[in-house]
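Here's the letter readout for the chains.
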2 protein chains.
Amino acid sequence: MILATQNSPDWKTIAQQLVAVVGKNGVVQRREELITYECDGLTSYRTRPALVVLPRTTEEVVEIVKFCDRHSLFWVARGAGTGLSGGALPVENCVLIVTALMNKILKVDLENQQVVVQPGVINNWVTQAVSGAGFYYAPDPSSQIICSIGGNVAENSGGVHCLKYGVTTNHVLGLKIVTPDGSTVDLGGEISEIPGYDLTGLFVGSEGTLGIATEITLKILKTPESICVLLADFNTVEEAGAAVSGIISAGIIPAGMEMMDKLSINAVEDVVATGCYPRDAEAILLVELDGLAVEVATNKTKVAEICRENGARSITTANDLETRMKLWKGRKAAFAAMGKRSPDYYVQDGVIPRTKLPGVLQEIANLGEKYGYFVANVFHAGDGNLHPLILYDNSIPGALEQVEELGGEILKLCVKVGGSISGEHGIGADKRCYMPQMFTETDLETMQWINEAFNPKGLANPGKIFPSPRTCGESAKVNLPEKFPDVEVF
Amino acid sequence: MILATQNSPDWKTIAQQLVAVVGKNGVVQRREELITYECDGLTSYRTRPALVVLPRTTEEVVEIVKFCDRHSLFWVARGAGTGLSGGALPVENCVLIVTALMNKILKVDLENQQVVVQPGVINNWVTQAVSGAGFYYAPDPSSQIICSIGGNVAENSGGVHCLKYGVTTNHVLGLKIVTPDGSTVDLGGEISEIPGYDLTGLFVGSEGTLGIATEITLKILKTPESICVLLADFNTVEEAGAAVSGIISAGIIPAGMEMMDKLSINAVEDVVATGCYPRDAEAILLVELDGLAVEVATNKTKVAEICRENGARSITTANDLETRMKLWKGRKAAFAAMGKRSPDYYVQDGVIPRTKLPGVLQEIANLGEKYGYFVANVFHAGDGNLHPLILYDNSIPGALEQVEELGGEILKLCVKVGGSISGEHGIGADKRCYMPQMFTETDLETMQWINEAFNPKGLANPGKIFPSPRTCGESAKVNLPEKFPDVEVF
């Protein structure tokens, strides 16, 4: 059957064939409906997919992927679309496979502490499904009430509690995936000890380039007996940074340890008026401790001591849920609050060795001054995962480009001090041009071996992770792979 | 240069060329000296390598691997040779690359809690190097005073304390590897958050088939404030198993939780006479708790309660190092003690979901009876990692074959109840024939994609992990790969 060449496929016929797989309501092709799918949480770059298909089962995903393989069509998988690195950014003439309807919790096995879900299940639903029995799912991206587990797997998402409990990869026991040739493969399983190559670990964080997960087996943890939050405020960022180092050096691993700087504190107080974040503090530290009641009580005393030794002006603690939520409220609202401060903001995601915190924050402030933008800092201090928020106005011509350049300078700084260009948001389309900052050509080639093994035609999520010779500014817009697959007439 | 075809290479000339790389003392070629290298800890299968080469640096490894690549020579990497699945078993006409001289601790970074080592460094040396400063390296295979980190990485080794702290892969931050084409590649790094595919996780546990690690960055942990060991004895295995489930269900994660059955208890008391393992108990449980003193004290009370509720006849606890060592002494001597009970023993390594313990132990006893062999059980009860020890006499013709068949039946049983054919010893040459019990053909093909990407000529550690069409009994002996590399005249 000759439909068209790939560069101008006959999308009407394609849509008909996909309707035969997923039904009429599973295919979106009207131009105005496709707008929603032009970008993920990285809204500055947009590409409209040719059509969107919404499967409900592994079998339907197999049919769709095999169809794309047969006809050499690019395809991109998308979860809830909350990703921040353009990992689900469509390319021209692609099929966007959206997992929103694959939203079933397939199995809850409390005895073995695991849950099997479809990829479209929302992160928070997992905890909701098991909390009554005293369990929870640990990885908690800030978007946890709207982001999906499939997207979390693709981007190996982190969150506030990943300091103690690890990121998504530490909580995925097994996966059923559909590889780009349409095969169904089971990776991992229901126990931790699976022999052979660790393909589960390889797949988590592969950003949709190795296939699409259709069933995910997650570990769940017992809800801790006791939780306590401490809020400490400091006159300098250096003091707050020293307190962070002191807590870790004392052998305490808090469930979460977050820092906010003065600009963030004031933005938050303007909007949500927590009343407990002192506006004149240069930095606040939020430390959450969990475990046995006796353990939490002991560590609470130690953490308070360490904060005081490092210059904390005041310390507030909260044990009950309501007060804890009050202390967290400002941190949780921080990104949204920036939206009130500035027409637009750009969130960067980089990592530095924790010990380099104070120096790096100063250098980020210097860079902001040089470029003429305010940079607010709200971040996972315990593991050195920075989230500088650059405030700007996208209606000013050239502003975005400048902000991106500044963001890039911040990443280079992270790498220079021994850190990383991404902590938890992934590389996606946005950061692939920075990969050579962290990896040699040989390192990147070795990663490409994996891509070529799973995705030999390059049809699955093209233009992600790997740099192309193009310059950084263009990278997210021009995201076709270097090795364009052979055009097949079908 | 024409030396010979691969099937009868001119080893004298090859040895001369390798001497040029590593010096005269770095090449072993005398027949009597090569005997040592015929097998690893799985002594029942032996193949003499053509020669042994002992590099000291990454650069020397690169030269050796490139030499093998150029001349299509099989090569096998070997650490301390303590592996139990024949992962370092040579093949005919191979170069055995032994890392024994790569035994330097290259960097100790206490501030960032990490240590960089060469692969020949002995597991226990890492803890020795940092214990003075209050740190330790968590993975602790029973062979930890003689096994090497390189081998631990290859086999993703576990140990008693892996219940709480995870296996080797959870403690490796970064690797410098030499791939089978002789490239040097850096995987991971000095921080946890590294973007791109998780090649560090892929390499750990790849059993020498993807390359050879020449530098390994390990996480170290703070020594816990307090440690306590409880020894509980039971009238039935079922009761001990129920206590294990009860402890985990209560949300307690012991550092280690080990079980021994009556046969093991008595073998141990015969040899080391601990005096604290009651000979009439059907099972004993050793539970190690660690953490803050208050936490350990609280959990100790809870664990003792749970053991009593499940029928424990007596409970002994130990807080100080000396008494703790006394309680552990029998468990640590268990394998050696079997050597006094029986001329030979065969250690199996399988995993079952923890909840299936009592039933599976009964079925193992039944299988032992059917085959006419005693099977002792000493194992990591907390994570369901069984180590049945089959007692036999290798001088009786056919005994080994029967014992292997019995071992195979035990593995099939593990898979049947949702477990795994290996918990921590790896697949190596020994268990590859059981891989189809756990994985479909498609699953195994997907793993092979990785092997072909890294090891396209099949020269690195042939005949490991992947099954061949041959029957199980032959698998460890006949271990050339299915796809024999092209013979090159050199």
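The structure presented is a predicted model; accordingly, all values stated were derived computationally and were not measured.

### Let's talk about the relation of the copies chain B and chain A
Here chain B sits on chain A after a turn of 180 degrees about the axis and a move of 0.0 Å along it, with an RMSD of 0.0 Å. Considering both components of the superposition, the chain copies are consistent with a two-fold axis. Residue glutamate 295 of chain B, judged by its C-alpha, is the member of chain B lying nearest the rotation axis, at 2.7 Å. Comparing interface residues between copies, 100% of those in chain B also sit at the interface in chain A, which points to an isologous, same-surface contact.

### Some remarks on the UniProt feature "domain: FAD-binding PCMH-type" (unreviewed entry) in chain A
Mapped onto this numbering, the UniProt entry annotates "domain: FAD-binding PCMH-type" (unreviewed entry) at residues 45–223 of chain A. Structurally, residues 45–223 of chain A is divided into 21% helix and 26% strand, and its ends, taken at the C-alpha atoms, are 40 Å apart.

### Examining the nonpolar core
Core analysis: the largest hydrophobic core is formed by 79 residues, its most contacted members being Leu175, Leu202 and Ile450 of chain A together with Leu175, Leu202 and Ile450 of chain B. Among the elements that make up this core, the one with the highest residue count is helix 16 (residues 441–454) of chain B (six residues). Apart from the residues lying within four places of it in its own chain, the contact partners of leucine 175 of chain B are Val153, Val185, Asp186, Leu187, Thr200, Phe203, Val204, Ala213, Glu215 and Ile216 of chain B.

### Examining the pairing of strand 12 (residues 226–234) of chain A
Residue and element names in this part refer to chain A. Taking burial as the measure, the nine residues of strand 12 include nine buried ones, the bulk of the element. Going residue by residue along strand 12, you find Ser226, Cys228, Leu230, Ala232 and Phe234 tucked away on one face and Ile227, Val229, Leu231 and Asp233 tucked away on the opposite face as well. Inspection of the sheet shows strand 12 paired to strand 14 (residues 283–291) by nine bridges, in the antiparallel sense. Counted as the bridge partner of valine 229 is glutamate 288 from strand 14. Looking at chain direction, strand 12 and strand 15 (residues 314–318) are connected through five bridges and run antiparallel. Counted as the bridge partner of valine 229 is alanine 318 from strand 15.

### A look at the pattern of salt bridges
All names here are of chain A. According to the stated counting rule, one finds 32 salt bridges over all chains in the structure shown. A salt bridge links arginine 46 to glutamate 38; the nearest nitrogen and oxygen atoms lie 3.8 Å apart. Given the relative accessible area of 10%, glutamate 38 is considered buried. Here the salt bridges do not stand alone but share partners, grouping Arg30, Glu32 and Glu33 into one network.

### Concerning the interface of chain B and chain A
Listed as interface residues are 62 residues of chain B and, on the opposing side, 62 residues of chain A. Note on chain B versus chain A: buried area summed over both sides is about 4,800 Å², and carbon and sulfur give 66% of it. The largest contributions to the chain B side of the interface with chain A come from Glu193, Tyr197 and Trp449 of chain B, which together make up 17% of the buried area. Close ionic contact of glutamate 225 of chain A with lysine 302 of chain B constitutes a salt bridge, the shortest N to O distance being 3.4 Å. At the boundary of chain B with chain A, the tally comes to 11 residue pairs in polar contact (both at pLDDT 80 or more). Elements with a contribution of two residues or more to the side of chain B that touches chain A: strand 9 (184–188), helix 7 (199–203), helix 8 (237–249), helix 10 (293–309), helix 15 (435–438) and helix 16 of chain B. The element contributing the most residues to the side of chain B that touches chain A is helix 16 of chain B, with nine residues. Of the residues in the side of chain B that touches chain A, the class split is 26 nonpolar, 24 polar and 12 charged.

### Quick look at unusual backbone geometry
One non-glycine residue with positive phi stands out, namely serine 72 of chain A, at about 50 degrees. Locating serine 72 of chain A in the fold gives a position in the loop between helix 3 (58–70) and strand 3 (74–78). A relative accessible area of 3% means that serine 72 of chain A is categorised as buried. The backbone of asparagine 461 of chain B sits at a positive phi, close to 45 degrees, despite the residue not being glycine. Relative to the elements of secondary structure, asparagine 461 of chain B occurs in the loop between helix 16 and helix 17 (472–475).

### Remarks on the domain arrangement of chain A
Residues and elements named next belong to chain A. By the assigned domains, chain A splits into domain 1 (11–98), domain 2 (105–222), domain 3 (226–335) and domain 4 (342–416). Each of domain 1 and domain 2 was reduced to a C-alpha centroid, and the two centroids are 22 Å apart. Listed per partner, the contact involves 16 residues of domain 1 and 18 residues of domain 2. Here domain 1 and domain 2 share an interface that buries about 1,200 Å² over both sides, 63% of which is from carbon and sulfur atoms. Sorting the residues of domain 1 by area buried against domain 2 places Thr58, Trp75 and Thr82 first, and these three jointly supply 35% of that buried surface. Applying the counting criterion to the domain 1 and domain 2 interface returns zero salt bridges. Of all elements in the fold, only helix 3 and strand 3 reach the threshold of two or more residues within the side of domain 1 that touches domain 2. Looking at the side of domain 1 that touches domain 2 residue by residue, the class counts come to seven nonpolar, six polar and three charged.

### Examining the sheet that holds strand 10 (residues 212–219) of chain B
Residues and elements named next belong to chain B. Strand order in the open sheet formed by five strands is 5-6-10-8-9, with antiparallel pairing between adjacent strands. Each edge of the sheet is formed by a strand with only one pairing partner; in this case those strands are strand 5 (105–109) and strand 9. Shown here is a sheet whose adjacent strand axes are inclined to one another by a mean of 10 degrees, direction ignored. Inspection of the sheet shows strand 8 (residues 172–178) paired to strand 10 by six bridges, in the antiparallel sense. Across the sheet, residue valine 172 finds its bridge partner in strand 10, namely leucine 218.

### Concerning the sheet that holds strand 4 (residues 94–98) of chain B
Residues and elements named next belong to chain B. Taking strand neighbours across the sheet as the criterion, the four strands line up as 1-2-4-3 in an open arrangement whose pairing is mixed. Of all the strands in the sheet, the pair left with one neighbour each is strand 1 (27–28) and strand 3 (74–78). The pairing of strand 3 with strand 4 spans five bridges and is parallel. The residue bridging alanine 77 from the neighbouring strand is isoleucine 97, located in strand 4. Against the sheet, helix 1 (residues 11–22) makes contact with strand 1, strand 2 (51–53) and strand 4, and its axis sits at roughly 10 degrees relative to strand 2, the strand it touches most.

### Looking at the packing of helix 1 (residues 11–22) of chain A against helix 3 of chain A
Residue and element names in this part refer to chain A. Helix 3 packs onto helix 1 with a crossing angle of 160 degrees between their chain directions and a minimal axis gap of 9 Å. One element, helix 1, and the other, helix 3, form an angle in the roughly antiparallel class. In the crossing of helix 1 with helix 3, the sense of the turn from one axis to the other is right-handed. Every residue of helix 3 that contacts helix 1 at Ile14, Gln17, Leu18, Val21 and Val22 is listed here: Glu60, Glu63, Ile64 and Phe67. Tallied by class, the residues present in the contact of helix 1 with helix 3 amount to six nonpolar, one polar and two charged.

Parameters at a glance
Residues numbered from 1 in each chain as written. Chains lettered and ligands numbered in written order. Predicted model: local features only at pLDDT ≥ 70, side-chain atom pairs only at ≥ 80, totals over all residues. Heavy atoms only, no water. Least-squares fit on C-alpha atoms with pLDDT ≥ 70 in both. Contact = heavy atoms within 4.5 Å. UniProt positions renumbered as here; feature names shortened; annotations may be inferred. Helix = DSSP H or I, 4+ residues; strand = E, 2+ residues; numbered from the N terminus. Core = buried A, V, L, I, M, F, W, Y, C linked by side-chain atoms within 4.5 Å. Buried < 20%, exposed > 50% of the residue type's maximum accessible area, 1.4 Å probe, protein only. Pairing = 2+ DSSP bridges. Salt bridge = Lys/Arg side-chain N within 4 Å of Asp/Glu carboxyl O. Buried area = accessible area lost by both parts, 1.4 Å probe. Polar contact = N/O pair within 3.5 Å; in protein donor to acceptor, adjacent residues only side chain to side chain. Nonpolar A, V, L, I, M, F, W, Y, C, P; charged D, E, K, R; others polar. Domains from an automatic or database assignment. Axes fitted to C-alpha atoms, helices over the stretch in contact; angles between N-to-C directions. Parallel < 35°, antiparallel > 145°, perpendicular 65-115°, else oblique. Left-handed = near helix turned anticlockwise from the far one by under 90°.

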